[in-house]
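As a plain string of letters, each chain reads:
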Amino acid sequence: MFAAASTAFCHAHAIQLTFALCPSKTLLSLSFMNARIFLIVMTVVGMSAVRTAGAQTQAPDPFAVNQRLGRGVNIIGWDPLWQDRARGRFQDEHFKLIREAGFNHVRINLHPLRDGKPDANGKLREEFFKTLDWAVDQSLANGLMVILDYHDDLAISPDPPGKKKDFLASWAAIAEHCKSRPPEVLFEILNEPAPKFTSELWDQFCREALQIIRRSNPDRTVIVGPAMWNGIGGLDRLVLPDDDQNLIVTVHYYTPMEFTHQGAPWTSHRQTTGVAWNATPQETAAIARDFDKAQAWATQHRRPLYLGEFGAYDKADMPSRVRYISCVAREAEKRKWSWAHWQFDGDFIVYDIRNKRWVETIRDALIPLSSR
Ligand code: BGC
């Protein structure tokens, strides 16, 4: 479009030149006619170029946004800073450290029901927004893109209809509060909607939340994933509005669970120990197969993909974790997906806050030295 506009612009200039230099009246009026036609063409082309340029700056191309998201890490979901900033583990310096390590974004795990405590009118606590603003300001100041991930799935998934009002009201409040943020801030509708969200119910929630978000944030890139804990298996039942292309689709990947969640008390693998992951041809092919399946869906539906969570719980042996994490990250990158490691600190850690040091093996598996 820009090329077309500038070609028309050059033509018009050429004609203006002919018009100025031509001595013959006939030729002059012909040139004048031509000039008028070209000027009209130029104006129309130019105007639509401006419209296109305007549209480009306002509603970003989600594929381009996804490329910029690149590599990321999940942060502050269970940090006491939400209850009391003075007790926070995560500090200003950690945003800088994350950027310096080579990450491009943070996925901020928000609990608007737990920490925002919506009142009867859906108003969220002032303190919640103060902490949220601090996290967004710090991320942006350190060159990190931000995903505001609505991570209160545990509060909502057991009773979706009962929590719907608070869920939608809190989205309305967050969206309104963040509407002036730059396009580097993205919203994610809900982390890992679990079984009580049938695909139909999830579809309804998504559409309603998206409509609410779009009222105040018509051009914000929004992330949405399938029901069944954002598993790749749920993609086939994910239906997205055709008239909203400014979306990125997220999936989470922890397969095989007996390896990634061995010893994790909140799962059925709490008693499992000693499961290794050796990057055998069968093991790596299984990941490639799952990712190919997700990519086939994404290609068919023309949506970019974001691997919003993956990792291996700290109880697995370190060499296996390193092999697994680097395999998953590279397989995602091969397909041009963005990704975020689960998580910065707490468990599945890549950074040890108490001892102020990276878990270097995990960090280097995520961000190879060669790419820093
Ligand atoms: C959950 C965490 C859990 C992680 C890995 C996340 O989505 O919110 O509680 O540790 O997945 O299972």
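Residues numbered from 1 in each chain as written. Predicted model: local features only at pLDDT ≥ 70, side-chain atom pairs only at ≥ 80, totals over all residues. Heavy atoms only, no water.

> Just to check I follow, could you spell out the overall build of the chain for this structure?
Looking only at helices and strands, the chain has 13 helices and 10 strands in total. Across the 372 residues in the chain, those meeting the buried criterion constitute 51%. Sequence separation of at least 24 residues holds for 76% of the intrachain contacts in the chain that already meet a minimum separation of 6. Accessible surface computed for the chain: about 17,600 Å², of which carbon and sulfur atoms make up 58%. (Helix = DSSP H or I, 4+ residues; strand = E, 2+ residues; numbered from the N terminus. Buried < 20%, exposed > 50% of the residue type's maximum accessible area, 1.4 Å probe, protein only. Contact = heavy atoms within 4.5 Å. Areas by Shrake-Rupley, 256 points an atom, 1.4 Å probe, with all protein chains shown as cover.)

> What is the right way to read the site of the ligand from this model?
Around the ligand lies a shell formed by Trp78, His151, Asn191, Glu192, Tyr254, His261, Trp266, Glu309, Trp342 and Phe348. In the model, an oxygen atom of the ligand is placed 3.3 Å from a nitrogen or oxygen of the Asn191 side chain. A distance of 3.4 Å is found between an oxygen atom of the ligand and a side-chain nitrogen or oxygen belonging to Glu192. Contact with the protein chains hides 85% of the accessible area of the ligand, taken as 310 Å² for the molecule alone. In the shell around the ligand, the residues fall into 5 nonpolar, 3 polar and 2 charged. (Near = heavy atom within 4 Å. Polar contact = N/O pair within 3.5 Å; in protein donor to acceptor, adjacent residues only side chain to side chain. Nonpolar A, V, L, I, M, F, W, Y, C, P; charged D, E, K, R; others polar.)

> Looking at this model, I keep getting lost on the environment of Gln262. Mind explaining?
Relative to the assigned elements, Gln262 resides in the loop between helix 10 (257–260) and helix 11 (281–301). Distance in space between the C-alpha atoms of Gln262 and Val275 is 7.3 Å, their sequence separation being 13 residues. Beyond its immediate stretch of four places on either side in the chain, Gln262 contacts Met257, His269, Thr272, Thr273, Gly274, Val275, Tyr313, Lys315 and Ala316. A polar side-chain atom of Gln262 sits 3.0 Å from the main-chain carbonyl oxygen of Phe259.

> Mind showing me how you'd approach the side chain of Arg181 here?
Along the polypeptide, Arg181 turns up in the loop between helix 8 (160–177) and strand 4 (185–188). We classify Arg181 as buried; its relative accessible area is 18%. Other than its neighbours up to four places away in sequence, Arg181 contacts Asp133, Val136, Asp137, Leu140 and Arg220.

> Would you mind showing me how to read the sheet that holds strand 5 (residues 222–224) here?
Strand pairing in a sheet takes place through backbone hydrogen bonds and is either antiparallel or parallel in direction. The parallel closed barrel is built from 8 strands, whose spatial order is 1-2-3-4-5-6-7-8. On average, each strand axis in the sheet is tilted by 25° relative to the strand beside it, whichever way the strands run. Relative to strand 3 (residues 145–150), helix 8 is tilted by about 160°, and along the sheet it contacts strand 3 and strand 4. (Pairing = 2+ DSSP bridges. Axes fitted to C-alpha atoms, helices over the stretch in contact; angles between N-to-C directions.)

> Just checking my understanding: could you explain the packing of helix 8 against helix 9 (residues 199–216) for this structure?
Across the interface, helix 8 lies against helix 9 with an axial gap of 8 Å and an inter-helix angle of 25°. By the angle class used here, helix 8 and helix 9 are roughly parallel. Considering only the axes of helix 8 and helix 9, their crossing is right-handed. Note on element contacts: helix 9 touches helix 8 through Leu201, Gln204, Phe205, Glu208, Ala209, Ile212, Ile213 and Ser216, opposite Pro160, Pro161, Lys164, Phe167, Leu168, Trp171, Ala172, Ala175 and Glu176. A class-by-class count of the residues in the contact of helix 8 with helix 9 yields 12 nonpolar, 2 polar and 3 charged. (Parallel < 35°, antiparallel > 145°, perpendicular 65-115°, else oblique. Left-handed = near helix turned anticlockwise from the far one by under 90°.)

> Can you walk me through empty space enclosed by the protein in this structure?
Empty space among the atoms can be located by rolling a probe the size of a water molecule over them. As enumerated under the stated definition, the model contains 2 cavities of 30 Å³ or more in all. The computed volume of the largest cavity comes to approximately 60 Å³. Lining the largest cavity we find Ser199, Trp202, Asp203, Pro226, Ala227, Gly234, Arg237, Leu238 and Val239. Residues that form the lining of the largest cavity fall into these classes: 5 nonpolar, 2 polar and 2 charged. Taken as a whole, the second largest cavity encloses approximately 40 Å³ of empty space. (1 Å grid on protein atoms, 1.4 Å probe; cavity = no way out; pocket = protein on both sides within 12 Å on 5 of 7 lines; lining within 4 Å. Points joined across faces, edges and corners; volume = space filled by probe spheres on them.)

> How should I be thinking about the packing of aromatic side chains in this particular structure?
For any pair of aromatic rings, geometry is given as the distance between the ring centres together with the angle between the planes. This structure, assessed with the given rule, holds 26 aromatic pairs. On the numbers, 5.7 Å between centres and 35° between planes, the contact of Tyr150 with Trp171 is tilted. Taken together, the residues span a long stretch of sequence, with Tyr150 in strand 3 and Trp171 in helix 8 at a distance of 21 residues. Residue Tyr150 is classed as buried on the basis of its relative accessible area of 1%. Judged by relative accessible area, which is 1%, Trp171 ranks as buried. Considering the side-chain rings of Phe291 and Trp337, the 4.6 Å spacing of their centres and the 35° angle between planes classify their relative orientation as tilted. Taken as a pair, Phe291 in helix 11 and Trp337 in the loop between helix 12 (318–334) and strand 8 (338–341) lie far apart in primary sequence, 46 residues in all. Like Phe291, the residue Trp337 is buried in the burial classification. Through a chain of ring-to-ring contacts, three or more aromatic side chains come together here, namely Phe90, Phe95, Phe103, Trp134, Phe310, Trp339, Phe344, Tyr351 and Trp358. In this arrangement the basic side chain of Arg85 is found over the ring face of Trp134, its NZ or CZ atom lying 4.2 Å from the centre. (Phe/Tyr/Trp six-rings, centres within 6.5 Å; stacked < 30°, edge-to-face > 60°. Lys NZ or Arg CZ within 6 Å of the ring centre and 35° of its normal.)

> Would you mind going over the layout of surface pockets with me for this structure?
Roughly 830 Å³ of volume is contained in the largest pocket. Around the largest pocket sit 29 residues that line it, and Glu192, Trp229, Tyr254, His261 and Trp266 are the ones nearest its centre. When residues of the lining of the largest pocket are traced back to their parent elements, those giving at least two are helix 7 (153–156), strand 6 (247–253) and helix 11. Its residues assigned to classes, the lining of the largest pocket shows 11 nonpolar, 10 polar and 8 charged. Here the second largest pocket defines a volume of roughly 190 Å³. Along its surface, the second largest pocket is lined by Leu238, Val239, Leu240, Asp242, Gln245, Trp297, Gln300, His301, Arg302 and Arg303. For the lining of the second largest pocket, a count of residues per class yields 4 nonpolar, 3 polar and 3 charged.

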